[in-house]
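# Fold and geometry: a report
Spelled out, the chains give:
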Amino acid sequence: MGAIFRRELKAYFTSPIAYIFIAVFYIYTSTFFISYNIGYSTTDMSVVFSNAFTIMMILLPLLTMRLFTEEKRQRTDQCLLTAPVNLFSIVMGKFFAALCIFMCAMAVYVLFVITLLALAGNVAWATIIGNFIALLLLGASFISIGIFVSAMTENQVVAAILSFIIIMIFYLIDMLAGNVKAEWLRNIMASLGFYTRYYEFSTGIFNMSSLLFFLSAVFIFNFLTVRVLEKRRWD
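Residues numbered from 1 in each chain as written. Predicted model: local features only at pLDDT ≥ 70, side-chain atom pairs only at ≥ 80, totals over all residues. Heavy atoms only, no water.

So, about the pattern of salt bridges. Under the criterion given, the structure shown has three salt bridges. In this structure, E8 engages K94 in a salt bridge whose closest nitrogen and oxygen atoms are separated by 2.6 Å. In this pair, E8 sits in helix 1 (residues 2-13) while K94 sits in helix 7 (residues 87-106), placing the two residues 86 residues apart along the sequence. K94 matches E8 in its accessibility class, with the two residues each being buried. (Salt bridge = Lys/Arg side-chain N within 4 Å of Asp/Glu carboxyl O. Helix = DSSP H or I, 4+ residues; strand = E, 2+ residues; numbered from the N terminus. Buried < 20%, exposed > 50% of the residue type's maximum accessible area, 1.4 Å probe, protein only.)

Structure representation (structure tokens):
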């Protein structure tokens, strides 16, 4: 896993992907921080954190779209699949490389907190810590979805679009649940929504069921990616 992680991390930083991803994330979040926190002289960062959900839906599929499709384009996927390496290690190496890039982007919030401490002297630590946990869990979930789709397709653009659609479905599903008449189906749809669970963390509410939900999403999609690779290996 370590070798795959280092290889993918190097690939990110030897191409424009990591730099563009981090720069766009910094610009987007900084715009909300300056206009809201600095503009209104408030230490409440919930607006800055909650608006990150939108940009993550767009950027993370672009970050993950190349992870397996690039292997197919360069014809290195067969070497990877036939190597005496555990498939789970391959998937997790790529997963943690993408997660590392995302955490580099998340570092901008540390600068925001330092700025607020310098200006106001205090911040709502419970809300900030809750938001950090929420962002990390949400990002990990989106990345695992993107890796799964990347393993299923051979085109980077298709992988990015499909990943965005799946993420959008998880974003909208609890909102659409209100229009469903069958109570059992409505409850299932509501329980699968990403935004409601993310919003709980962003307001400083720590819910163990939401924590387990995001961790389960990461596990399930990474497990499905391993199964896809196993099928291709035997084929």
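This paragraph deals with the packing of aromatic side chains. Counted according to the given criterion, the structure contains 26 aromatic pairs. Where F49 meets F132, the ring centres are 5.7 Å apart and the plane angle is 70°; that geometry is what we call edge-to-face. Of the two residues, F49 is situated in helix 3 (residues 46-50) and F132 in helix 9 (residues 125-152); the sequence distance between them amounts to 83 residues. Overall, F49 belongs to the buried group, its relative accessible area being 0%. Judged by its relative accessible area of 22%, F132 is partly exposed. The interplanar angle of 80° and the centroid separation of 5.2 Å between the aromatic rings of F53 and Y195 together place this pair among those described as edge-to-face. Of the two residues, F53 sits in helix 4 (residues 52-64) while Y195 sits in helix 12 (residues 194-202), which places them 142 residues apart along the sequence. Classification of F53 as buried rests on a relative accessible area of 1%. Through a chain of ring-to-ring contacts, three or more aromatic side chains come together here, namely F53, F142, F148, F170, Y171, F194, Y195, Y198, F213, F214 and F221. The ring centre of Y12 lies 5.1 Å from the NZ or CZ of R66, which sits over that ring. We note R197 situated over the ring of F213; from NZ or CZ to the ring centre the distance is 4.3 Å. (Phe/Tyr/Trp six-rings, centres within 6.5 Å; stacked < 30°, edge-to-face > 60°. Lys NZ or Arg CZ within 6 Å of the ring centre and 35° of its normal.)

Another aspect to go through is the confidence of the model for the chain. The pLDDT averaged across the chain works out to 86; a share of 94% of its residues lies at or above 70. No element of the chain has a lower mean pLDDT than helix 6 (residues 77-82), which averages 65, and none a higher one than helix 7, which averages 93. (pLDDT = per-residue confidence, 0-100.)

Turning our eyes to something else, we now look at the environment of T69. Mapped onto the elements of the fold, T69 is located in helix 5 (residues 66-73). Overall, the relative accessible area of 1% leaves T69 in the buried class. Along the sequence, T69 and A23 sit 46 residues apart, while their C-alpha atoms lie 24 Å from each other. Setting aside residues no more than four positions away along its own chain, T69 makes contact with S150, T153, E154, N155, Q156 and A159. A polar contact is formed between the side chain of T69 and the backbone oxygen of M65, at a distance of 2.5 Å. (Contact = heavy atoms within 4.5 Å. Polar contact = N/O pair within 3.5 Å; in protein donor to acceptor, adjacent residues only side chain to side chain.)

This part covers the nonpolar core. Ranked by size, the top nonpolar core spans 69 residues in total, and within it F21, F25, M56, F102, Y109, F142 and F194 carry the most contacts. Contacts of Y109, omitting those with residues within four sequence positions, involve F25, T29, M45, V48, F49, A52, F132 and L135. (Core = buried A, V, L, I, M, F, W, Y, C linked by side-chain atoms within 4.5 Å.)

What follows covers empty space enclosed by the protein. One pass over the full model with this rule turns up one cavity of 30 Å³ or more. Considering only enclosed or pocket space, the largest cavity measures out at about 40 Å³ in volume. Ranked by residue count, the leading element in the lining of the largest cavity is helix 9, at three residues. A breakdown of the residues in the lining of the largest cavity according to their chemical character gives three nonpolar, four polar and one charged. (1 Å grid on protein atoms, 1.4 Å probe; cavity = no way out; pocket = protein on both sides within 12 Å on 5 of 7 lines; lining within 4 Å. Points joined across faces, edges and corners; volume = space filled by probe spheres on them. Nonpolar A, V, L, I, M, F, W, Y, C, P; charged D, E, K, R; others polar.)

This part covers the packing of helix 5 against helix 7. Between helix 5 and helix 7, the least distance of the axes is 11 Å, while the angle of their chain directions is 120°. Taken together, the axis directions place helix 5 and helix 7 in an arrangement best described as oblique. Between helix 5 and helix 7, the contacting residues are L67, F68 and E71 on the first element and I90, V91, K94 and A98 on the second. Class assignment for the residues of the contact of helix 5 with helix 7 results in five nonpolar, no polar and two charged. (Axes fitted to C-alpha atoms, helices over the stretch in contact; angles between N-to-C directions. Parallel < 35°, antiparallel > 145°, perpendicular 65-115°, else oblique.)

Turning our eyes to something else, we now look at the side chain of T29. One can find T29 in helix 2 (residues 16-38). Since its relative accessible area comes to 1%, T29 is described here as buried. Among all residues touching T29, those that are not within four sequence positions of it are V48, V108, Y109 and F112.

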